[in-house]
Amino acid sequence: MWFAAVCLGPSLGLLPVGAMAKEAGNCTAGATLRLSAPVSSQGSLLLVEVKSPKPLAELKGDWGGRSVPFWQDAGRERVQRGLVGVDLEKAAGTYDLKVTGQTASGEKISCRAMVAVRKGRFATESLHVENEFVEPNPEQIKRADEERQRLREIFDRATPERLWNGKFRVPLDGVSTGGNFGKRRILNGKPGSPHGGVDFPAITGTPVHAAQRGRVALAEELFFSGNTVVLDHGLGIYTFYGHLSEIDVKVGDDLEAGAVLGKVGATGRVTGPHLHWGLTVERARVNPLQIVRLFEN
Ligand SMILES: [Zn+2]
């Protein structure tokens, strides 16, 4: 979000997401675990599917100490799915994904998969700008810190019910890709934090649509991201919409997929009008375009 440029870069760090990969983990009780991709990378999103010969009751996952909530689609009582977010700055390596739970008849199930995380391919950009843009004053730093803390508290709460249903969409009409995800900016020689969302340059006033059904968790002006809306989609999934010229919703509103939540603008620390779109899954910052692609088919 920091001093976001508005150029449309290539979308980086995306994994090709196709059909579910073949069995990638071992389960007890004759169940199988599959992942949407055999290898992941920083900032990516994986779909996990557990299939059992018997109807499933509750399943829950553990991914490096963060929980992975599972859901069941109507009419598919032997299958449950969950989303694993690989944070943008998670160190490359191999990680354990554990899933435990039971069948409807009370038989225990446990699954384990090793998930390889590769380094993401993100751009670095060096900028030299006037110091007033680089150094917020102490009051602004305090405000930004408080806002960051509040956002963290929001992203930390996982609403237990799944509020979304179906595909996710890009929030702007007629747009399928955006840039800058994971880009690291070096401002006057100082490395900043990586850019945690995707930027879509657009004309001020362009309607911004909810990526899926959700409840408004935040709708206000923030220091870095200007007029901002955060939508809670349930199960620890949040989408973030920044730099809006206008906010058309309030906290607590339930929005349908595609509802207009505001308009594109250039509020906050930006160089020009664009939408900053972010996605967090159980606190992991991931490329939001991945959730669109995962449920495309
Ligand atoms: Zn941005």
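## Re the coordination of the zinc ion
Then comes step 1: Every protein donor of the zinc ion is listed here as His-195 (NE2), Asp-199 (OD) and His-276 (ND1), and their distances to the metal cover 2.0 to 2.1 Å.
Then comes step 2: Between consecutive donors of the zinc ion, the numbers of intervening residues give the motif H-x3-D-x76-H. Taken together, the residues Asp-199 in strand S13 (residues 197-201) and His-276 in strand S21 (residues 274-281) connect sequence positions 77 residues apart.
Then comes step 3: By relative accessible area, which is 1% here, Asp-199 ends up buried.

## Structural notes on the packing of aromatic side chains
Then comes step 1: Under the counting rule described, the total for this entry stands at 10 aromatic pairs.
Then comes step 2: Put simply, the rings of Trp-71, Trp-164, Phe-168 and Phe-295 pair up and form one aromatic cluster.
Then comes step 3: One cation-aromatic arrangement involves Lys-90 over Trp-63; the distance from NZ or CZ to the ring centre is 4.7 Å.
Then comes step 4: Lying across the ring of Trp-164, Arg-162 places its NZ or CZ 5.3 Å from the centre.

## Some points on the side chain of Ser-52
Then comes step 1: For Ser-52, the location among the structural elements is in the loop between strand S4 (45-51) and strand S5 (56-63).
Then comes step 2: Among the residues examined, Ser-52 registers a relative accessible area of 6% and is labelled buried.
Then comes step 3: A polar side-chain atom of Ser-52 sits 2.7 Å from the main-chain carbonyl oxygen of Lys-54.
Then comes step 4: Dropping the residues within four chain positions of it, Ser-52 is found in contact with Ala-31, Arg-78, Thr-103 and Ile-109.

## Focus: the state of the cysteines
Then comes step 1: Counted according to the given criterion, the structure contains one disulfide.
Then comes step 2: The disulfide bridge from Cys-27 ends at Cys-111, spanning 2.1 Å between sulfur atoms. Because the sign of the S-S torsion sets the handedness, a value of about 105° for the bond joining Cys-27 and Cys-111 places this disulfide among the right-handed ones. Taken as a pair, Cys-27 in strand S1 (residues 25-27) and Cys-111 in strand S9 (residues 108-118) lie far apart in primary sequence, 84 residues in all.

## Concerning the sheet that holds strand S18 (residues 246-247)
Then comes step 1: Pairing in this open sheet of three strands is antiparallel, and the strands run S14-S20-S18 from one edge to the other. Edge strands, defined here as strands with exactly one partner in the open sheet, are strand S14 (207-209) and S18.
Then comes step 2: In this structure, S18 lies alongside strand S20 (residues 260-263), joined through two bridges in antiparallel fashion. Within S20, the position partnered with Glu-246 by the bridge is Lys-263.

## Digging into the nonpolar core
Then comes step 1: Counting residues in each nonpolar core, the largest one holds 38 residues, and the members touching the most others are Leu-83, Tyr-241, Leu-261, Leu-275, Trp-277 and Phe-295.
Then comes step 2: Apart from the residues lying within four places of it in its own chain, the contact partners of Leu-275 are Pro-171, Leu-172, Val-198, Asp-199, Phe-200, Val-208, Tyr-241, Gly-242, Leu-244 and Val-264.
Then comes step 3: Within the second largest apolar cluster, 22 residues are counted, among which are Leu-35, Leu-46, Trp-63 and Val-115.

## Here we look at the sheet that holds strand S12 (residues 190-191)
Then comes step 1: The strand order across the open sheet formed by three strands is S10-S11-S12, and the pairing between neighbours is mixed. Bordering the open sheet on either side are strand S10 (124-127) and S12, each of which pairs with just one other strand.
Then comes step 2: In this structure, strand S11 (residues 184-187) lies alongside S12, joined through two bridges in antiparallel fashion. Counterpart to Ile-186 in the pairing with S12 is Pro-191.

## Notes on the pattern of salt bridges
Then comes step 1: Within the structure shown, the criterion is met by 25 salt bridges.
Then comes step 2: Where Asp-96 meets Arg-112, a salt bridge forms, and the shortest distance between an N and an O atom there is 2.9 Å. With Asp-96 in strand S8 (residues 93-103) and Arg-112 in strand S9, the pair connects residues that are 16 residues apart, well separated along the chain.
Then comes step 3: The exposure class of Asp-96 is partly exposed, given its relative accessible area of 21%.

## Re the pairing of S11
Then comes step 1: Residue alternation in S11 divides its side chains into a buried set, Arg-185 and Leu-187, and an unburied set, Arg-184 and Ile-186.
Then comes step 2: In this structure, S10 lies alongside S11, joined through four bridges in parallel fashion. Bridge pairing links Thr-124 to Arg-184 in S11.
Then comes step 3: Taken together, S11 and the strand that follows it, S12, pair antiparallel across an intervening segment of two residues, in which Asn-188 is found at a positive phi of about 45°.

## Let's talk about unusual backbone geometry
Then comes step 1: Positive phi, normally seen in glycine, also occurs at Leu-235, with a value near 55°.
Then comes step 2: Structurally, the position occupied by Leu-235 is in the loop between strand S16 (226-234) and strand S17 (237-244).
Then comes step 3: Under the relative-accessibility criterion, Leu-235 is labelled buried at 7%.
Then comes step 4: One non-glycine residue, His-243, lies in positive phi territory at about 70°.
Then comes step 5: Inspection of the secondary structure puts His-243 in strand S17.

Cut-off values and rules
Residues numbered from 1 in each chain as written. Predicted model: local features only at pLDDT ≥ 70, side-chain atom pairs only at ≥ 80, totals over all residues. Heavy atoms only, no water. Donors = N, O, S within 2.8 Å, 3.2 Å for Na, K, Ca; no water. Helix = DSSP H or I, 4+ residues; strand = E, 2+ residues; numbered from the N terminus. Buried < 20%, exposed > 50% of the residue type's maximum accessible area, 1.4 Å probe, protein only. Phe/Tyr/Trp six-rings, centres within 6.5 Å; stacked < 30°, edge-to-face > 60°. Lys NZ or Arg CZ within 6 Å of the ring centre and 35° of its normal. Polar contact = N/O pair within 3.5 Å; in protein donor to acceptor, adjacent residues only side chain to side chain. Contact = heavy atoms within 4.5 Å. Disulfide = S-S within 2.5 Å. Pairing = 2+ DSSP bridges. Core = buried A, V, L, I, M, F, W, Y, C linked by side-chain atoms within 4.5 Å. Salt bridge = Lys/Arg side-chain N within 4 Å of Asp/Glu carboxyl O.

Note that every value here comes from positions in space, so none of it alone points to a role or purpose.
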